Amino acid sequence: MTTLITVLVVLAFLGVVYAFYRMQAKHLKFSTRVFAALGVGIVLGAIIQIAFGTQSDITTQAMEWIGIVGNGYVALLQMLIMPLVFVSIVGAFTKMKESNKLGKISFNVLATLLGTTAVAALIGYGSTILFGLQGAQFTEGTAETARIAELATRQETIENLSIPQQILSFIPKNVFADLAGTRATSTIGVVIFAAFVGIAYLGVKKKAPKEAEFFANLIDSLYKIVMRIVTLVLRLTPYGVLALMTSVVATSDFEAILNLGKFVVASYAALIVVLLLHLAILAAIKVNPLNYLKKAFPVLSFAFTSRSSAGALPLNIETQTKALGVDETTANFAASFGLSIGQNGCAGVYPAMLATIVAPTVGIDVFSLEFVLMLIAIVTISSFGVAGVGGGATFASLIVLGAMNLPVAIVGLVISVEPLIDMARTAVNVSDSMVAGMVASSRIDQLDRSVITDDELVVEAK
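Notes on the structure follow. Remember, predicted model here, so these are calculated numbers, not experimental data. (Residues numbered from 1 in each chain as written. Predicted model: local features only at pLDDT ≥ 70, side-chain atom pairs only at ≥ 80, totals over all residues. Heavy atoms only, no water.)

A word on the overall build of the protein
Part 1 of the argument: In terms of helices and strands, the protein carries 21 helices and 0 strands.
Part 2 of the argument: For the protein, the C-alpha radius of gyration of 22 Å lies close to 23 Å, the compact-globule estimate for 462 residues.
Part 3 of the argument: Along the three orthogonal principal directions, the C-alpha set of the protein runs to about 70 × 60 × 45 Å.
Part 4 of the argument: Among the 462 residues that make up the protein, the fraction classed as buried is 53%.
Part 5 of the argument: Within the protein, counting contacts between residues at least 6 apart in sequence, those at least 24 apart form 84% of the total.
Part 6 of the argument: Looking at the protein as shown, the accessible area adds up to about 19,600 Å², and 66% of this sits on carbon and sulfur atoms.
Part 7 of the argument: Separation between the mean location of the 29 positive side-chain charges and that of the 28 negative ones in the protein comes to 11 Å. (Helix = DSSP H or I, 4+ residues; strand = E, 2+ residues; numbered from the N terminus. Rg over C-alpha atoms; globule rule 2.2 N^0.38 Å. Buried < 20%, exposed > 50% of the residue type's maximum accessible area, 1.4 Å probe, protein only. Contact = heavy atoms within 4.5 Å. Areas by Shrake-Rupley, 256 points an atom, 1.4 Å probe, with all protein chains shown as cover. Lys, Arg positive; Asp, Glu negative; His and termini not counted. Charge placed at Lys NZ, Arg CZ, Asp CG, Glu CD.)

Considering the pattern of salt bridges
Part 1 of the argument: With the rule as written, the count across this model stands at 6 salt bridges.
Part 2 of the argument: Residues participating in the shared-partner salt-bridge network are Arg307, Glu418, Asp422 and Arg425. (Salt bridge = Lys/Arg side-chain N within 4 Å of Asp/Glu carboxyl O.)

So, unusual backbone geometry
Part 1 of the argument: Look at Arg307: it is not a glycine, yet its phi comes out positive at around 55°.
Part 2 of the argument: Looking at the secondary structure, you find Arg307 in the loop between α13 (289–306) and α14 (313–322).
Part 3 of the argument: Here the phi dihedral of Asn405 falls at roughly 55°; this positive angle occurs in a residue that is not glycine.
Part 4 of the argument: Among the structural elements, Asn405 can be located in the loop between α18 (392–403) and α19 (409–413).

Digging into the nonpolar core
Part 1 of the argument: With 96 residues, the main nonpolar core has Val109, Tyr292, Phe333, Met434 and Met438 as its most contacted residues.
Part 2 of the argument: Tallying contributions element by element places helix α3 (residues 57–94) first for this core, with 17 residues.
Part 3 of the argument: Not counting residues up to four positions away in its chain, the partners in contact with Tyr292 are Leu279, Leu282, Leu324, Ser431, Met434, Val435 and Met438.
Part 4 of the argument: Among the nonpolar cores identified, the runner-up in size contains 46 residues, and Ala120, Tyr125, Phe263 and Ile376 belong to it. (Core = buried A, V, L, I, M, F, W, Y, C linked by side-chain atoms within 4.5 Å.)

Considering the side chain of Thr128
Part 1 of the argument: Here Thr128 shows up in helix α4 (residues 102–130).
Part 2 of the argument: What makes Thr128 buried here is its relative accessible area of 0%.
Part 3 of the argument: The residues touching Thr128, leaving out its near neighbours within four places in the chain, are Leu133, Gln134, Met353, Thr356 and Ile357.

Describing the side chain of Ser433
Part 1 of the argument: Tracing the sequence through the fold places Ser433 in helix α20 (residues 418–443).
Part 2 of the argument: Accessibility expressed as a relative area gives 2% for Ser433, which makes it buried.
Part 3 of the argument: Of note is the side chain of Ser433, whose polar atom sits 2.8 Å from the side chain of Asn316.
Part 4 of the argument: Excluding its chain neighbours within four sequence positions, the residues that come into contact with Ser433 are Leu113, Asn316, Gln320, Ala334, Ala335 and Gly338. (Polar contact = N/O pair within 3.5 Å; in protein donor to acceptor, adjacent residues only side chain to side chain.)

Concerning the packing of aromatic side chains
Part 1 of the argument: A complete count under the given rule lists 9 aromatic pairs for this structure.
Part 2 of the argument: Ring geometry for Tyr125 against Phe371: centres 6.3 Å apart, planes inclined by 50°, an arrangement best described as tilted. Placement of Tyr125 in helix α4 and of Phe371 in helix α17 (residues 369–382) is noted, with a sequence separation of 246 residues between them. For the pair shown, Tyr125 and Phe371 are each scored as buried.
Part 3 of the argument: Put simply, the rings of Phe93, Phe333 and Phe337 touch in pairs and so form one group of aromatic residues.
Part 4 of the argument: The ring of Tyr223 has Lys95 sitting right over it, with the charged end atom 3.9 Å from the ring centre.
Part 5 of the argument: Lying across the ring of Tyr350, Arg425 places its NZ or CZ 4.2 Å from the centre. (Phe/Tyr/Trp six-rings, centres within 6.5 Å; stacked < 30°, edge-to-face > 60°. Lys NZ or Arg CZ within 6 Å of the ring centre and 35° of its normal.)

A short note on helix α9 (residues 209–234)
Part 1 of the argument: Between its terminal C-alpha atoms α9 stretches 36 Å, which fits the 38 Å expected from 26 residues at 1.5 Å a residue.
Part 2 of the argument: Those residues of α9 not exposed but buried are Ala212, Ala216, Ile219, Tyr223, Val226, Met227, Val230, Val233 and Leu234. (Expected span 1.5 Å × (residues − 1).)

A word on the environment of Leu218
Part 1 of the argument: Here Leu218 shows up in helix α9.
Part 2 of the argument: Each C-alpha atom, one on Leu218 and one on Asp445, is 29 Å from the other, the two residues being 227 residues apart in sequence.

Section: α17
Part 1 of the argument: With 14 residues, α17 ought to run about 20 Å at 1.5 Å a step, and its terminal C-alpha atoms sit 20 Å apart, in line with that.
Part 2 of the argument: If you check which residues of α17 are buried, you get Phe371, Val372, Leu375, Ile376, Ile378, Val379, Thr380 and Ser382.

Here's what the structure looks like:
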């Protein structure tokens, strides 16, 4: 009987998938389909949980089959990270018209990403204090216990690393291993290698322009091929979101979520303040924040629903160049660097909040200036190398907590609300990379402000 009911649940899910396929065939707007998938997934997951419970064999078996769609979608996004980062950064060099602006572009992009991360850490700290979460105790259930055990294993790989050793770990010793994503810091390793390739290209361009032109054409071809693959994967977003949300809601412990309700509210409050910080920065460079929100909404909504900064990379670059007036080189730099450096949500707000929550449990005064300054410094340094698809916030949190000699169990205790918070974190991460692009483009006088004010120039995912 259990098998029969499981089959019926899976068939019902496939029926919903077919309905979304028909919506795609009728060319319904992409963002509409994605948000519809988000809503339907929540409803379908709730029905499964109410009907069968979170621990029943029916729910477990059905989620395994539904997970083929959801986890398969995430795996495809992960597959694209390294090729996307490599061709985007190298492509930024090959498309660069004036190489003497390279230093200024890089400095302004990195300064914006890291500067906002430092402020985001302070905002995360402030939100934790404001909501009175310092020293808070959360319920530990079966899922949390299993997660804590898993984190303990992961922590062993980084707990003995000092900050200088962690910085040294960013340097790629074997680029092929990093392209395969074998290290937690593989993404930043690929970023560094791609930057070396780009700088080497600029040197060859001066001495052997014919060979440099051939290489530039090759990278341009690779870029187009990779972006085409990305387009094919992104078309699966509504189905992936549907499956992921169904699974999350069907297997979530709502009592645990209610127990963590204040933490969720505090997290969203902090992330909203960080987004307001982005708007303030844009206002400082004389960009209308409302125009930015209007132009950025498609990519931010995609990031929110997909929970993937890497998946949003092509839409991010296209939005910067075609809707926000950023020059192509700067857009590629900002969007690519933003995948692994200075993610305001995952590497800024989140680790700072967890560290502030757990610090009083080991006798640390969270109101001391020493704690605040150390927290901001460690969070900023640790924001290098955060991956663009899932797990980045966990990795950043483990580094921060380990560097400050704080217990890592808190990361496992908030697992119940991780997907809920991760949606907003990802949107903030992507927003920061776009703001970095606009700031850098403005500083080198390449920001086309007529594009920003043109309401017709809005990029929509296909």
